[in-house]
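For reference, the chains in residue letters:
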Amino acid sequence: MTQTKRPLTVLLASPRGFCAGVERAIQIVERAIERYGRPVYVRHEIVHNRFVVEDLEAKGAIFVEELDEVPDDRPVVFSAHGVAKAVPAEAERRHLVHIDATCPLVSKVHREAERHFECGRTVVLIGHAGHPEVVGTLGQLPAGAVLLVEDVAQAEALCVPDGSNLAYATQTTLSVDDTVEIVAALRRRFPAIHGPKMEDICYATTNRQAAVKAIAERCDALVVIGAPNSSNSMRLVEVAAGAGCRKSRLVQRAADMDWGWLADSRKLGVTAGASAPETLVDELIAACRERYEVAIEEIRTTEEKVVFKLPRALVA
Ligand code: SF4
């Protein structure tokens, strides 16, 4: 006797998954392997996703954490998160072939921080301590020139040398709503603070959060496919909870899914962080189909057409 499967509606948030910066970073590693042969070294996970990293390892990439692990005769790629100025400087000193896969939207924040510093302003960086993007942005300026603020409490307690000569920049993958509150606290305390004309939180982070908000109230549960060290993925879990979804969690791939957690759910929201490939979404849906009678409803809140050029050295 065949058992009837329980119905499950999957509300698929769109946009989700790979952003233009991640697509570009992966292509840079692939092109570098084609051009220079195996192995090509990559400093830090090119993007925060094990699946992507393992795929590139199979193609000939070797991932390391520091430049001193790279032999003199092999090229090295810097990850999409960006690096402190000292890193390319050291690569130059060693005459390493080095290719920068920093997302152009992260580079834009680096340039902003430099510009403020040149104008004599103290720069306040809103971001998460220890995240590679934050380490890279702090490392654009001399030690101590950038003050890191992680939340409203730190913004309220911030001590600065001259409150009339301040600017702020942000990590690109923060929660849009949390950042609004932190910026408001800074503006309240330092009305003359300079900020970016357009927010530093990138289009991909903003769009993925908006797409989750659009489905959150309709979902009994929501799964974000992504890695625990992926900032934008972790923020999607929080955004879902904040927007009215009863329970939300991060899952790296279908094999990690706790199906008992879904036992009382009829509507499952699904999204993926900017570094998670669509194959992992397909895999999760296939795993759902094995257990439920699945109906898919895709909710698209915006179209994304952003594409970033590859570095000139890898084109043609
Ligand atoms: S999440 Fe945003 S900043 Fe990060 S790589 Fe993607 S587009 Fe660039």
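Please refer to the structure higher up on the page.
We now turn to the structure provided with this report. This one's a predicted model, so the numbers in the text were calculated from it and none came from an experiment. (Residues numbered from 1 in each chain as written. Predicted model: local features only at pLDDT ≥ 70, side-chain atom pairs only at ≥ 80, totals over all residues. Heavy atoms only, no water.)

### Topic: the overall build of the protein
Selection rule: Runs of H or I in DSSP of at least four residues are treated as helices and runs of E of at least two as strands, each being numbered from the N terminus. What the globule rule says is 2.2 Å times the number of residues to the power 0.38, and the radius of gyration is computed from C-alpha atoms. Between buried and exposed lies partly exposed: a residue is buried under 20% and exposed over 50% of the maximum accessible area for its type, with that area taken using a 1.4 Å probe on protein chains only. The criterion used for residue contact is that any of the two residues' heavy atoms lie within 4.5 Å. Areas reported here follow the Shrake-Rupley algorithm with a probe of radius 1.4 Å; residue values treat only the protein chains shown as occluding. We count Lys and Arg on the positive side and Asp and Glu on the negative side, and we leave His and both chain ends out. By convention, the charge on Lys lies at NZ, on Arg at CZ, on Asp at CG and on Glu at CD.
Secondary structure summary: the protein contains ten helices and twelve strands in total. Here the C-alpha radius of gyration of the protein, 21 Å, is about what a compact globule of 316 residues would show, namely 20 Å. Reported as C-alpha extents along the three principal axes, the dimensions of the protein are approximately 75 × 55 × 30 Å. For the protein, the residues scored as buried account for 53% of the 316 residues in total. For the protein, restricting intrachain contacts to residue pairs at least 6 apart in sequence, the fraction spanning at least 24 positions comes to 76%. For the protein, the accessible area works out to roughly 14,500 Å², and carbon and sulfur atoms hold 53% of it. Within the protein, the 44 negative side-chain charges are centred at a point lying 4 Å from the centre of the 38 positive side-chain charges.

### With respect to the packing of aromatic side chains
So the rule is basically this: Only centres within 6.5 Å qualify two rings of Phe, Tyr or Trp (six-membered ring in Trp) as a pair; their planes then separate them into stacked at under 30 degrees, edge-to-face at over 60, and tilted for everything else.
One pass over the structure, following the stated rule, counts one aromatic pair. Ring plane angle 45° and centroid distance 6.5 Å describe the contact between Trp259 and Tyr292, whose orientation is recorded as tilted. Taken together, the residues span a long stretch of sequence, with Trp259 in the loop between β10 (248-251) and β11 (267-272) and Tyr292 in strand β12 (residues 292-300) at a distance of 33 residues.

### Concerning unusual backbone geometry
Of note, the amide linkage connecting Ser14 to Pro15 takes the cis form, showing an omega dihedral of 5°. Among the secondary structure elements, Pro15 is positioned in the loop between β1 (6-14) and α1 (20-36). At His44, a residue that is not glycine, the phi angle is positive and equals roughly 75°. Its place among the elements puts His44 in the loop between β2 (40-43) and α2 (50-59). Positive phi outside glycine occurs at His95, with the angle close to 60°. For His95, the position within the fold is in the loop between α3 (86-93) and β5 (98-100).

### Things to note about the sheet that holds β11
What counts here: Being paired, for any two strands, means DSSP has found at least two bridges between them. Working convention: axes come from line fits to C-alpha atoms, limited for helices to the stretch in contact. Angles between N-to-C directions cover 0 to 180 degrees.
Read across the sheet, five strands follow the order β10-β9-β11-β1-β12 without closing on themselves; strand pairing throughout is parallel. Because the sheet does not close on itself, it has two edges, and the strands there are β10 and β12. Strand-to-strand twist across the sheet, computed as the mean angle between neighbouring axes with direction ignored, equals 25°. Sheet topology note: the β1/β12 ladder contains nine bridges and is parallel. Across the sheet, Leu8 pairs through a bridge with Val294, a residue of β12. Its contacts with the sheet put helix α8 (residues 203-216) on β1, β9 (221-225), β11 and β12, and the angle it makes with β1 is roughly 145°. The sheet contacts of helix α10 (residues 278-291) involve β1, β9, β11 and β12, and relative to β12 the element is tilted by about 145°.

### Remarks on the layout of surface pockets
For clarity, the threshold we go by: Of the grid points, spaced at 1 Å and generated over the protein atoms alone, those admitting a 1.4 Å probe that cannot get out make up cavities, while open sets with protein on both sides within 12 Å along at least five of seven lines make up pockets; any residue with an atom within 4 Å of a point is treated as lining. Grid points are joined across faces, edges and corners, and a volume is the space filled by probe spheres set on the points. Polar here means any residue other than Ala, Val, Leu, Ile, Met, Phe, Trp, Tyr, Cys and Pro, which are nonpolar, and Asp, Glu, Lys and Arg, which are charged; Gly is therefore polar.
One number sums up the size of the largest pocket: a volume of about 310 Å³. The wall of the largest pocket is formed by 20 residues, among which Phe18, Ala20, Glu23, Glu304 and Val306 lie closest to the centre. At the level of secondary structure, the elements contributing two or more residues to the lining of the largest pocket comprise α1 and α8. The biggest single contributor to the lining of the largest pocket is α1, with four residues. A per-class count over the lining of the largest pocket returns nine nonpolar, three polar and eight charged. What the second largest pocket holds in volume is close to 210 Å³. At the level of secondary structure, the elements contributing two or more residues to the lining of the second largest pocket comprise β5 and α4 (104-118).

### A look at the sheet that holds β5
The four strands lie next to each other as β3-β2-β4-β5, forming an open sheet whose pairing is parallel. Only two strands of the sheet have a single partner each, and these edge strands are β3 (61-64) and β5. Geometrically, the sheet is characterised by an average inter-axis angle of 25° between neighbouring strands, direction not taken into account. The sheet contact formed by strand β4 (residues 76-78) and β5 spans three bridges and is parallel. From the neighbouring strand, Val76 faces β5, where its bridge partner is His98. Its contacts with the sheet place α1 against β2, β3, β4 and β5, and it is angled at close to 160° to β5.

### What about the site of the ligand?
Where we set the bar: To be near a molecule or strand, a residue needs just one of its heavy atoms within 4 Å of it. Think of it this way: if more than half of a molecule's atoms are within 2 Å of a pocket's grid points, that molecule is in the pocket or cavity.
Close to the ligand lie Cys19, Gly21, Cys103, Leu105, Val106, Thr172, Thr173, Cys202, Tyr203 and Ala274. One can see that the ligand is located within the largest cavity. Along the lines of polarity and charge, the residues of the shell around the ligand split into seven nonpolar, three polar and no charged.

### Quick notes on empty space enclosed by the protein
Per the counting criterion, the structure on display carries one cavity of 30 Å³ or more. Taken as a whole, the largest cavity holds about 290 Å³ of empty space. What lines the largest cavity is a set of 25 residues, and nearest its centre among them are Cys19, Val22, His81, Thr173 and Asn232. Secondary-structure elements contributing two or more residues to the lining of the largest cavity are α1, α4, α8 and α9 (231-242). Here the lining of the largest cavity gets three residues from one element, more than from any other, and that element is α8. The residue makeup of the lining of the largest cavity, split by class, is twelve nonpolar, twelve polar and one charged.

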